[in-house]
Amino acid sequence: MRGTALAAAAMAGVLALAGCAKDSSGGSSNNSAAPSSGGSDCVTAQKPPAAPAAASSSTAAGAKVDGSKLKIGLAFDVGGRGDASFNDAAAAGTDKAKSELGVTTVNESTASASEAESAKQQRLDQMASSGLNPIVAVGFAYADSVKAVAAKYPNTKFAIVDDDSITLPNVTPLVFAEEQGSFLAGVAAAYKSKSCHIGFVGGVNTPLIQKFEAGFLQGAKTVSSKIKIEDEYLTPAGDFSGFQDPPKGNAKAAAEIAKGADVIYHAAGASGKGVFDAAKAGNALAIGVDSDQYNQKTVAADKDVIITSMLKRVDVAVFDYIQAVAKGDLTGLPKRFDLKVDGVGYATSGGKVDDIKDVLDGYKAQIISGAITVSDKPQK
């Protein structure tokens, strides 16, 4: 998921009306022209009104919370700590709990791509039986296991990232508006594309990853009626190897670049390393996901092509959950971590989207206000 800049042509003012008319999401009524930057012949929508940033999430200053008595279990999804994406974001949440809440015990365990459901249940059961509390399961793949194990240990608190199907009183869902953050990634890609041709690489074709895809497509189409989008997945639903196969990510991204895409957004976990490698080799740009991948050590060799990342603040959600458990009050947690609470967003590291920050923040404000509704299902 990344890019460089764009420039307005004389026809942009005329095309702007057509672009706004095609914006099924609510569009903008501002009369200012698209900003002048590199490939702005692609941008046909008018620039949205400037807007203040949204209020911050629950990590606001307050009375010191003591988490020193907590013993946390962190059950990673495929890829684990070091995936430069989703799992690393969860790990950052527990790392922050150590530094700010005094947590001393965090036991981590990682799922394998081909493991049986029984292995997930055993992992959680071992954590609960050893006295870890709370236990955080990272990823919707843990849903059945959390439901079974949480029922067996009613006095142990569980949180699960990306699933809200469990209704047990000791289970807290940590879910996100991935489509909202991905909308901004789509806007950035359209503004930064010189060819008006961009790409999406999803890891596994599931309803969750389709939310990333949906927002990206809608954001790009909102600002350009001329945009061409390559749209591919690495594996079908049920085959979770798509989240840890950099060579396959490389091949898929390279194929999109060969077709003319010059900005690629990935939602593919550890496979994103391959997407970044392909972008660098193909003189394209890329947009990261989940964490600020420009600053991730495991993809540092490709940081020069990473223009931004769609931030899915799993770190915020995990830290806020642990802090709420330490306080003994879970009622203040948001039902969904969205743009309004900075649960999703975009990264500015490297300064590669500084020239369009006012555009991104304008669309962010429109989504927060409800002027734009972002679909969580791809509209192709």
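It should be emphasised that the depicted structure is a prediction, and the values quoted were computed from it without experimental measurement. All residue numbers refer to positions counted from 1 along the written sequence of the respective chain. The predicted origin of the model limits local features to residues at a pLDDT of at least 70 and limits the giving and counting of side-chain atom pairs to 80 or more, whereas totals for whole chains, interfaces and linings rest on all residues. Processing note: side-chain calculations cover all non-hydrogen atoms of the structure and skip hydrogens and water entirely.

A. Here's a closer look at the overall build of the chain. In terms of regular secondary structure, the chain is built from 10 helices and 11 strands. Per-residue burial over the chain gives 57% buried out of 380 residues. If you take every contact in the chain between residues at least 6 apart in sequence, the share linking residues at least 24 apart comes to 72%. All accessible-area figures derive from a Shrake-Rupley calculation using a 1.4 Å probe, and residue coverage is judged against the displayed protein chains alone. Surface accessibility of the chain: about 14600 Å² in total, with carbon and sulfur atoms responsible for 51%. Put simply, DSSP marks the helices as runs of H or I at least four residues long and the strands as runs of E at least two long, and each gets a number from the N terminus on. Relative accessibility decides the category of a residue: with a 1.4 Å probe and only protein chains considered, values under 20% of the type maximum give buried, values over 50% give exposed, and everything between is partly exposed. Working rule for contacts: check all heavy atoms of both residues, and any pair within 4.5 Å makes them a contact.

B. Examining the sheet that holds strand β3 (residues 135–138) more closely. Strand order in the open sheet formed by 5 strands is β2-β1-β3-β4-β5, with parallel pairing between adjacent strands. A strand with exactly one partner marks an edge of an open sheet, and here the two such strands are β2 (105–110) and β5 (171–174). Between one strand axis and the next, the sheet turns by 15° as a mean value, whatever way the strands run. To get an axis, a line is fitted to the C-alpha atoms, and for a helix only the part in contact is used. The angle between two axes follows their N-to-C directions and goes from 0 to 180 degrees. Sitting on the sheet, helix α9 (residues 314–327) is in contact with β1 (71–76), β3, β4 (158–161) and β5, with an inclination near 155° to β5. Strands were regarded as paired on the criterion that DSSP finds at least two bridges between them.

C. Expanded view of the side chain of His266. Within the secondary structure layout, His266 lies in strand β8 (residues 263–267). In protein, a polar contact means a hydrogen-donor-capable atom and an acceptor-capable atom, both N or O and within 3.5 Å, with residues adjacent in sequence counting only if both atoms are side-chain atoms; elsewhere, any N or O pair within 3.5 Å suffices. One polar contact links the side chain of His266 to the main-chain amide nitrogen of Ala268, over a distance of 3.1 Å. Within the structure, the side chain of His266 is placed 2.9 Å from the side chain of Gln293, a separation counted as a polar contact.

D. Focus on the packing of helix α5 (residues 178–192) against helix α6 (residues 207–223). Put simply, α5 and α6 touch, their axes get as near as 6 Å, and they point 40° apart. By the criterion of interaxial angle, the relationship of α5 to α6 is oblique. In terms of crossing hand, the pair formed by α5 and α6 is right-handed. For the pair α5 and α6, contact is made by Glu178, Glu179, Ser182, Phe183, Ala185, Gly186, Val187, Ala189, Ala190 and Tyr191 and by Leu208, Lys211, Phe212, Gly215, Phe216, Gln218, Gly219, Ala220, Thr222 and Val223, respectively. For the contact of α5 with α6, the residue count by class is 11 nonpolar, 6 polar and 3 charged. With respect to orientation, any angle under 35 degrees is reported as roughly parallel, any angle over 145 as roughly antiparallel, any angle of 65 to 115 as roughly perpendicular, and every other angle as oblique. Throughout, a crossing is termed right-handed when the near helix is turned clockwise from the far one, and left-handed when it is turned anticlockwise from it by less than a right angle. Gly is placed with the polar residues, together with every amino acid not listed as nonpolar (Ala, Val, Leu, Ile, Met, Phe, Trp, Tyr, Cys and Pro) or charged (Asp, Glu, Lys and Arg).

E. Representation of the pairing of strand β10 (residues 306–312) in the model. Of all 7 residues in β10, 7 are buried, a share of seventy percent or more. Relative to β10, strand β9 (residues 285–290) runs parallel, the two being bridged by 5 bridges. Bridging from a neighbouring strand, Asp290 pairs with Leu311 of β10.

F. Focus on empty space enclosed by the protein. With a 1 Å grid laid over protein atoms only, a set of points is called a cavity when a 1.4 Å probe fits there but cannot get out and a pocket when it is open yet has protein on both sides within 12 Å along at least five of seven lines; lining residues have an atom within 4 Å of a point. Grid points are joined across faces, edges and corners, and a volume is the space filled by probe spheres set on the points. For the structure shown, the criterion picks out 1 cavity of 30 Å³ or more. What the largest cavity holds in volume is close to 180 Å³. The wall of the largest cavity is formed by 20 residues, among which Phe86, Ile209, Phe243, Gly269 and Asp290 lie closest to the centre. At the level of secondary structure, the elements contributing two or more residues to the lining of the largest cavity comprise α2 (86–101), α6 and β9. Residues of the lining of the largest cavity, tallied by class, amount to 11 nonpolar, 4 polar and 5 charged. Domain start and end points were adopted from an automatic or database domain assignment. If you count residues domain by domain, the lining of the largest cavity takes at least three from each of domain 1 (71–174) and domain 2 (178–312 + 350–369).

G. Region of the structure containing the packing of aromatic side chains. Stacked, tilted and edge-to-face are the three classes assigned to paired rings of Phe, Tyr and Trp, where Trp is represented by its six-membered ring and a pair needs centres within 6.5 Å; plane angles under 30 degrees give stacked, over 60 edge-to-face, the rest tilted. Counted under the stated rule, the structure contains 7 aromatic pairs. Relative to Tyr363, the ring of Phe183 has its centre 5.9 Å away and its plane inclined at 55°; by these criteria the two rings are tilted. Of this pair, Phe183 sits in helix α5 while Tyr363 sits in helix α10 (residues 357–369); the two residues are 180 residues apart in sequence, bridging distant segments of the chain. Like Phe183, the residue Tyr363 is buried in the burial classification. With centroids separated by 5.9 Å and ring planes inclined at 75°, the aromatic side chains of Phe200 and Tyr233 adopt a geometry described as edge-to-face. Note that Phe200 is positioned in strand β6 (residues 197–204) and Tyr233 in strand β7 (residues 228–235), a separation of 33 residues in sequence. Here Phe200 falls in the buried class, since its relative accessible area comes to 0%. Exposure remark for Tyr233: the relative accessible area of 14% places this residue in the buried category. Put simply, the rings of Phe200, Phe216, Tyr233 and Tyr265 pair up and form one aromatic cluster. Any Lys NZ or Arg CZ that is within 6 Å of a ring centre and within 35 degrees of that ring's normal is treated as a charge sitting over the ring. Over the ring of Phe319 we find Lys96; its NZ or CZ atom is 4.6 Å from the centre of that ring. Taking NZ or CZ as reference, Lys120 lies 6.0 Å from the ring centre of Tyr142, over its face.

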